[in-house]
Amino acid sequence: MEAARGQGRETYTYAVPEGVDVVPGHRVTVPFGRRSTYGFVVSLGTDDPGVETKPIATAGSEPLLLPHQVALARLVAEHYWLPLIEVLRAMLPPRVRATGSSGSQASTRQRRHSRLIELATGPATPTGAPTLTSEQQAALDVINSNQLTLLHGVIASGKTEVYLAAAERALADGLRVLLLVPDISLTPQLVQRVRARLNAPVAILHSQLTELERAQQWWRTRRGQAEVVLGSRSAVFAPIPRLGLICLDEEGSSAYKQDRTPRYEAGWVARRLAEVSGARLVAGSATPSVVTYHDATRGGLALATMTTRVRGRDAEIELVDMRDEAAAGNRQPLSRRLLEVIDKTLENEEQVILYLNRRGMSTFVLCRDCGRSVQCLGCSVALVQHAEIDGLVCHYCGYSRPMPSVCDHCGSRNIRGMGMGTQRLETMVKKLWPRARVLRLDSDAAKGPDAYFEIWETFSERRADILVGTKLVTRGLDLPAVTCVGVVDADLPLHFPDYRSAENTFSLVVQVAGRAGRDGRSSRVVVQTSNPEHYSLRCAAVGDYDGFYAAELPARKAFSFPPFAELAVLTRTDADDAKAAASAREAAEALAAGLLKNGIEGIRVMGPAPAFIHRLRGEYRWQVTLKGDGLERARHLAPRGKGWSYDVDPVT
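Read on for a plain summary of the structure. Just so we're clear, the structure is a prediction, and the values are computed from it rather than from any experiment.

The rules behind these values
- Residues numbered from 1 in each chain as written.
- Predicted model: local features only at pLDDT ≥ 70, side-chain atom pairs only at ≥ 80, totals over all residues.
- Heavy atoms only, no water.
- Helix = DSSP H or I, 4+ residues; strand = E, 2+ residues; numbered from the N terminus.
- Salt bridge = Lys/Arg side-chain N within 4 Å of Asp/Glu carboxyl O.
- Buried < 20%, exposed > 50% of the residue type's maximum accessible area, 1.4 Å probe, protein only.
- Core = buried A, V, L, I, M, F, W, Y, C linked by side-chain atoms within 4.5 Å.
- Phe/Tyr/Trp six-rings, centres within 6.5 Å; stacked < 30°, edge-to-face > 60°.
- Pairing = 2+ DSSP bridges.
- Axes fitted to C-alpha atoms, helices over the stretch in contact; angles between N-to-C directions.
- Patch = residues over 30% accessible without salt bridge, like charges linked within 9 Å, V, L, I, M, F, W, Y side chains within 5 Å.
- Areas by Shrake-Rupley, 256 points an atom, 1.4 Å probe, with all protein chains shown as cover.
- Right-handed = clockwise from strand over helix to strand, strands pointing away.
- Parallel < 35°, antiparallel > 145°, perpendicular 65-115°, else oblique.
- Contact = heavy atoms within 4.5 Å.

A word on unusual backbone geometry
So, step 1. With an omega dihedral of 10°, the bond running from Pro562 to Pro563 counts as a cis peptide bond.
So, step 2. Tracing the sequence through the fold places Pro563 in the loop between helix H18 (545-558) and strand E24 (566-574).
So, step 3. Residue Pro608 is reached from Gly607 by a cis peptide bond, and omega for that bond is 10°.
So, step 4. On the secondary structure map, Pro608 appears in strand E25 (residues 603-616).

Here we look at the pattern of salt bridges
So, step 1. Applying the stated criterion across every chain, the model contains 21 salt bridges.
So, step 2. Linking Arg323 and Asp321 is a salt bridge whose minimum nitrogen-to-oxygen distance equals 2.9 Å. Accessibility assignment for this pair places Arg323 and Asp321 in one class, buried.

Here's the deal with the nonpolar core
So, step 1. In terms of nonpolar packing, the biggest core is built from 146 residues, with Val76, Leu178, Leu180, Val194, Val228, Ile246 and Leu626 touching the most fellow members.
So, step 2. If you tally residues by element for this core, the top one is helix H6 (residues 159-172), at eight residues.
So, step 3. Counting residues in hydrophobic clusters, the runner-up holds 19 residues, among them Ala436, Ile466, Val468 and Val488.

A short note on the packing of aromatic side chains
So, step 1. Under the definition given, this model contains 14 aromatic pairs.
So, step 2. Arranged with centres 4.9 Å apart and planes meeting at 75°, the rings of Tyr293 and Tyr549 form a pair that is edge-to-face. Here Tyr293 is found in helix H10 (residues 290-297), whereas its partner Tyr549 is found in helix H18, with 256 residues between them in sequence. Here Tyr293 matches Tyr549 in class, with each residue buried.
So, step 3. Taking 4.9 Å as the distance between ring centres and 5° as the angle between the ring planes, the aromatic pair formed by Tyr499 and Phe561 counts as stacked. Pair noted here: Tyr499 is in the loop between helix H15 (491-494) and helix H16 (501-513) and Phe561 is in the loop between H18 and E24, with a separation of 62 residues, a long-range link.

Brief notes about the sheet that holds strand E18 (residues 400-402)
Strand-to-strand pairing in sheets goes through backbone hydrogen bonds, with the strands running parallel or antiparallel.
So, step 1. The sheet built from three strands is open, its strands ordered E16-E17-E18 with antiparallel pairing. What marks the edges here is a single partner per strand, and that holds for strand E16 (384-386) and E18. Taking each pair of neighbouring strands and ignoring which way they run, the sheet shows an average axis angle of 30°.
So, step 2. Here three bridges tie E16 to strand E17 (residues 391-393), and the two strands are oriented antiparallel to one another. Paired with Gln385 across the bridge in E17 is Leu392.

Let's talk about a nonpolar patch on the surface
So, step 1. A cluster of nonpolar side chains, contributed by Val16, Val20, Val23 and Leu44, occupies part of the molecular surface with about 260 Å² of accessible area.
So, step 2. In this fold, Val20 is placed in the loop between strand E2 (9-13) and strand E3 (27-32).
So, step 3. Looking at Val20, the relative accessible area reads 32%, which means it is partly exposed.

Considering the pairing of strand E10 (residues 243-249)
So, step 1. For E10, a buried count of seven out of seven residues is recorded, marking the element as mostly surrounded by other parts of the structure.
So, step 2. As paired elements, strand E7 (residues 176-180) and E10 share five bridges and run parallel to each other. Within E10, the residue paired with Val177 across the bridge is Leu245.
So, step 3. Crossover handedness for the path E10 to helix H9 (residues 266-277) to strand E11 (residues 280-285): right-handed.

A few points about the pairing of strand E8 (residues 202-205)
So, step 1. On E8, burial covers both faces: Val202 and Ile204 on one face and Ala203 and Leu205 on the other are all buried.
So, step 2. As paired strands, E8 and strand E9 (residues 228-231) are joined by four bridges and run parallel to one another. Paired with Ala203 across the strands is Val229, a residue of E9.
So, step 3. What joins E8 to E9 is helix H8 (residues 211-222), and the crossover it makes is right-handed.

Topic: the sheet that holds E9
So, step 1. Pairing in this open sheet of seven strands is parallel, and the strands run E8-E9-E7-E10-E11-E6-E12 from one edge to the other. Sheet topology places E8 and strand E12 (302-306) at the edges, where each strand pairs with a single neighbour. In this sheet, adjacent strand axes meet at a mean angle of 15° when their direction is disregarded.
So, step 2. Examined bridge by bridge, strand E6 (residues 148-153) and E12 share five bridges and lie parallel to one another. Each bridged residue has a counterpart across the sheet, and for Thr149 the counterpart in E12 is Ala302.

A short note on the packing of H10 against H18
So, step 1. Following both chains from N to C, one finds H10 and H18 inclined at 100°, their axes separated by 11 Å at the closest point. By the angle class used here, H10 and H18 are roughly perpendicular. Residue-level contacts link Val290, Val291, Tyr293, His294 and Thr297 of H10 to Tyr545, Asp546, Phe548, Tyr549, Glu552, Leu553 and Arg556 of H18.

This is the structure in structure tokens:
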């Protein structure tokens, strides 16, 4: 028997004593050196290992992980350059991982129940299934006849209804369903719809539950008591027996990427889960990622398209040129046009959403006259402003240059760092509209256990007039009284130091615009930008995904970015900046030499460069980027040891 254990080596071999029954997925305790520890059985064999083996000490009464999950863990570990034990641990809630049993029985000491759990398990009011439109039926037919499907449907084309119809069929066949959403803020509405439509017990899995609740919901799933599992990215690791359907809503959302180790992307894992379990996968979005759409056009997934709204009507999208505002003497972050539209909306007693991309906090340098940012010559991404080197750096290849005094494109001296936070915007909004009730929804405001639920509930019940927020407000929320949406600065994602900046900008504007016009009222979206002629914004204003995709693909190819190459970022962290930089430089040189010595072609070593967020929690970070095909060929050359971490398929 081999048990995974986090110590240098991937697996260790132990003997299974007489009378002990274990299978892959079992949690076992084993003697390890002078102490005992726990591990997971990953394989069993009858061959003599050729070394003396110690017997396992104890084994759980039932395997925690299903056979397909152990197979999935191997695929995830291999793709993301992770130790197998890290993936197996990520598949279990903290309490189950530590004890093997916590949450499996009812608790008499439990004091709090998250409102989302109450919503999922309380009484439901059943509603009949609506008649599908011809487009929805055609999409359902594609899903039913293919294992992997990309459902590309415009905002409000009824994608959720297609998921529910596919789920009904899977449940009728005695199979179980996994529904994944990118942000937990989307779950209250989806829970309500699932409970009303599917006559099946539901489990909820996401990080905002208490640890005991997560363990309890996990056990309900593992024992087959829940037929529908609904959750955010970590729910892709849920132990679902007889899994028949996986629905990945809002495919391409950056929220599906885990930002801490293990740094997996839930969409990639969901595809592998479909492969190892035999389940069907449907990934849906109005703005699918360029990589997934490219794969679908080449036959990697079936493509189902829905082009017609089933209700409401498209909001009118206006691009407001902030260069004109500056020329007219308006230096405020809100344009005169946006103020006018908000005034009118509040007069009509309708609701407003103001979106701000807070990630751009004076990180890039923009010309206020021509609207262009300072770019890397070799990577075609915005350079990042780093005060510690008093200049600008590309965080892919390490190219650096001094801070320019004039714009390279138009010669203007009006060039400076950009950025504003949601709290500052919230304060400004309260001053401008003192009688309006203002709510803020961002990761800080949604920190409490039920905070995001309460913010959503307050706004949906029209107990607030203006919602100021970050990406939590952009996707999925279905709020009929919202008739005005303002994108305060569309240039922040456009000039982010990321090869996906145009894709993120297009997706953001289309998704934010989709929050308006849900019930047919006349509605308006005002997008403030200094780049109204940029193809991502022009295409977003008319909802033209194909036009955006056609304009974006040549640049990806020219600069060898996904889908035409793979990326891996190796990050060195140290309390001493110089040590981190020197270590990253040595690693880059060793990698380049190792590729040459091993005759490995088609992989380029870039950097070292300071990370986008150079100093984090008191430590400095430098990174080396690998770009090319078959990056797993370089895994054995990667630097090891304390302070190094890997991110395959990074999201900036």
